[in-house]
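The chain contents come next:
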Amino acid sequence: MNTLTLEYINSILPPRPDDSHKMTFGQVLNIAGSIHYRGAAYLSSLSALRVGAGYVTLASSPSVCDSVSAQTPNVVTLPLPPRQAQQAIDIKHINTQSIAPQAVLQLRDKLAQASVISIGSGLSISQSTDQLNRYPNPINGLIVPDGNSEFFYALLTEIQANTHPVIFDADALNFMSHLLHHPTSTAQKPISFTKNSIITPHPKELSRLLNVDVNMIQAQRVHFASLAAKQLNTIVVLKGKHTVISDGEHIFINPTGNSALAKAGTGDVLTGMIAGFCAQGVSPLNAACLGVYLHGLAGELAANELSQYGVLASDLLEYIPKAILRVLNAGH
Ligand SMILES: NC(=O)C1=CN([C@@H]2O[C@H](COP(=O)(O)OP(=O)(O)OC[C@H]3O[C@@H](n4cnc5c(N)ncnc54)[C@H](OP(=O)(O)O)[C@@H]3O)[C@@H](O)[C@H]2O)[C@@H](O)CC1
Ligand SMILES: Nc1ncnc2c1ncn2[C@@H]1O[C@H](COP(=O)(O)OP(=O)(O)O)[C@@H](O)[C@H]1O
């Protein structure tokens, strides 16, 4: 078990060759955001650029893309077609802002081109995990819950054989919990986390994935992070004070961060940071270590100027470059 250090983080920062162009630093395809969580799409997209990714495309519903474009010129958007009401039997449950499952066809080229895909920040798979449990088989179209569950299922099916890094966050994790604990009919292929994936659960999300009480997870964070990595065949970033990172073999503990990070949206920033490092060709395990350490350091630097009370998730975007400078300067 290793505690991450400034020197180690310095040693795994990706190079920035002079003879480079934007594609040298990789393409992130960020599938994120929904009507109530436009901010998550903004935060996760910009944080990938802030750690050095060359090109970030946000794929989401048209209203989310419009909203992010209005706030920043830095993110390329790919509006996905909304679901048509006649595709579902129970129109009451349709949110017209949901993405149509057929949107996956439109995404096919982008999925193949992307250096890394991040899925789930603010994607709103359903109104709540409870609702998913009330509709034990949302996939076969008999009853369609509000949200993007059918789109997400189609997306997962499309990327099952993908070997590019994929980061699963937030609602993507809740939906995977649902699939793991409510297997779909045998006619459908089993779904799992993809090869080279990273998952970023907070303790409650890991508790849903493992079906283990959240207090037990918190009491043995290293054990459950490592167990989940082995069982689910993925890299686990178990968030919270002293975030644990494990690939089932190695374990890293993060020393950075403080209560400034305990604010809505900071997890979305972390997802973007990890994606941004993956895009630059860093291995998924090292990308997780870089993202987590620098995210915590950005929170500390922000709190030094704004107090642990006053830091916003969006403030972290300004402090990520300062955290990177702090690490670079430690190398001299
Ligand atoms: N600006 C935006 O667009 C934002 C968009 N966002 C997006 O919103 C979506 C849903 O996110 P969310 O926050 O509504 O649900 P979620 O985090 O699952 O919490 C549900 C319950 O879980 C628990 N719980 C949570 N953390 C815990 C912990 N560390 N340790 C232990 N338990 C913990 C806690 O339950 P309690 O303990 O209170 O019973 C809590 O009430 C998601 O897609 C996200 O990306 C957000 O990032 C915000 C900013
Ligand atoms: N007290 C704390 N000390 C250190 N890090 C924290 C603390 N509280 C939250 N964090 C970090 O902030 C982020 C919160 O993520 P998450 O719970 O997914 O929030 P959200 O869904 O609102 O974005 C995680 O990276 C977590 O490790």
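In the block above lies the structure referred to throughout.
Computed from a predicted model, the values in this text were never measured in an experiment.

Procedures and definitions
- Residues numbered from 1 in each chain as written.
- Chains lettered and ligands numbered in written order.
- Predicted model: local features only at pLDDT ≥ 70, side-chain atom pairs only at ≥ 80, totals over all residues.
- Heavy atoms only, no water.
- Helix = DSSP H or I, 4+ residues; strand = E, 2+ residues; numbered from the N terminus.
- Buried < 20%, exposed > 50% of the residue type's maximum accessible area, 1.4 Å probe, protein only.
- Contact = heavy atoms within 4.5 Å.
- Areas by Shrake-Rupley, 256 points an atom, 1.4 Å probe, with all protein chains shown as cover.
- Axes fitted to C-alpha atoms, helices over the stretch in contact; angles between N-to-C directions.
- Parallel < 35°, antiparallel > 145°, perpendicular 65-115°, else oblique.
- Left-handed = near helix turned anticlockwise from the far one by under 90°.
- Nonpolar A, V, L, I, M, F, W, Y, C, P; charged D, E, K, R; others polar.
- Pairing = 2+ DSSP bridges.
- Near = heavy atom within 4 Å.
- Polar contact = N/O pair within 3.5 Å; in protein donor to acceptor, adjacent residues only side chain to side chain.
- Right-handed = clockwise from strand over helix to strand, strands pointing away.

Asks: I would appreciate a short explanation of the overall build of the chain in the present structure.
Replies: Broken down by element type, the chain carries 13 helices and 10 strands. Burial statistics for the chain: of 332 residues in total, 57% are counted as buried. The long-range share in the chain, meaning contacts at least 24 apart out of those at least 6 apart in sequence, stands at 69%. Carbon and sulfur atoms make up 52% of the accessible area of the chain, which amounts to about 14,000 Å² in all.

Asks: Please clarify how the packing of helix α7 (residues 170–181) against helix α8 (residues 203–210) should be interpreted in this entry.
Replies: What describes two packed helices is the angle between their axes and the distance between those same axes. At their nearest, the axes of α7 and α8 sit 8 Å apart, and the two run at 20° to each other. Classified by the angle their axes make, α7 and α8 are roughly parallel. In the crossing of α7 with α8, the sense of the turn from one axis to the other is left-handed. Contacts between α7 and α8 pair Ala170, Leu173, Asn174, Met176, Ser177, Leu180 and His181 from the former with Glu205, Arg208, Leu209 and Leu210 from the latter. Classifying every residue of the contact of α7 with α8 gives six nonpolar, three polar and two charged.

Asks: Which parts of the structure should I look at to understand the side chain of serine 61?
Replies: Position of serine 61 relative to the elements: it lies in the loop between β3 (55–60) and α3 (62–71). With relative accessibility at 3%, the residue serine 61 sits in the buried group. Sequence-distant contacts of serine 61, defined by excluding residues within four places in its chain, comprise Leu80, Gln97 and Ile99.

Asks: Please clarify how the sheet that holds strand β2 (residues 27–31) should be interpreted in this entry.
Replies: The strands making up a sheet are joined through hydrogen bonds of the backbone, oriented either antiparallel or parallel. One open sheet accounts for 10 strands, arranged β1-β10-β9-β8-β7-β6-β5-β2-β3-β4; its pairing is mixed. The open sheet is flanked by β1 (2–3) and β4 (76–79), the only strands paired with a single partner. Strand direction decides the pairing type here: β1 and strand β10 (residues 251–253), joined by two bridges, are parallel. Among the inter-strand pairings, threonine 3 is bridged to a residue of β10, identified as isoleucine 253. Where helix α12 (residues 284–310) meets the sheet, its contacts fall on β7 (197–199), β8 (235–238), β9 (244–246) and β10, and the angle it forms with β8 comes to roughly 15°.

Asks: Can you walk me through the site of ligand 2 in this structure?
Replies: Taken together, 17 residues lie near ligand 2, and Lys239, Gly240, Gly265, Thr266 and Gly267 sit nearest. One nitrogen or oxygen atom from the main chain of leucine 261 is found 3.2 Å from an oxygen atom belonging to ligand 2. For ligand 2, an oxygen atom lies 2.7 Å from a polar atom in the backbone of glycine 267. For ligand 2, the accessible surface in isolation is 580 Å², of which the surrounding protein chains cover 75%. The element contributing the most residues to the shell around ligand 2 is helix α11 (residues 266–279), with four residues. The residue inventory of the shell around ligand 2, partitioned by class, reads four nonpolar, 10 polar and three charged.

Asks: Could you clarify how one ought to interpret helix α6 (residues 149–159) in this entry?
Replies: Structural remark: α-helix, 3.6 residues per turn; residues separated by three or four positions point the same way. Along α6, eight of the 11 residues are buried, which leaves the element largely enclosed by surrounding structure. Along α6, the residues that are buried comprise Ser149, Glu150, Phe151, Phe152, Tyr153, Leu155, Leu156 and Ile159. Looking at the buried residues of α6, the elements they touch are β2, α4 (103–113), β5 (116–119), β6 (166–168) and α7.

Asks: Explanation requested: the pairing of β3 in the structure shown.
Replies: Where a strand is regular, its side chains alternate between the two sheet faces. The element β3 is largely enclosed, with a buried count of five among its six residues. Here five bridges tie β2 to β3, and the two strands are oriented parallel to one another. What sits directly across from asparagine 30, in β3, is leucine 58. Handedness of the crossover is the feature at issue here: the chain leaves β2, passes through helix α2 (residues 38–50), returns alongside β3, and the resulting connection is right-handed. Strand direction decides the pairing type here: β3 and β4, joined by four bridges, are parallel. Bridge assignment links leucine 58 to a residue of β4, and that residue is threonine 77. On the question of chirality, the crossover connecting β3 to the parallel β4 by way of α3 is right-handed.

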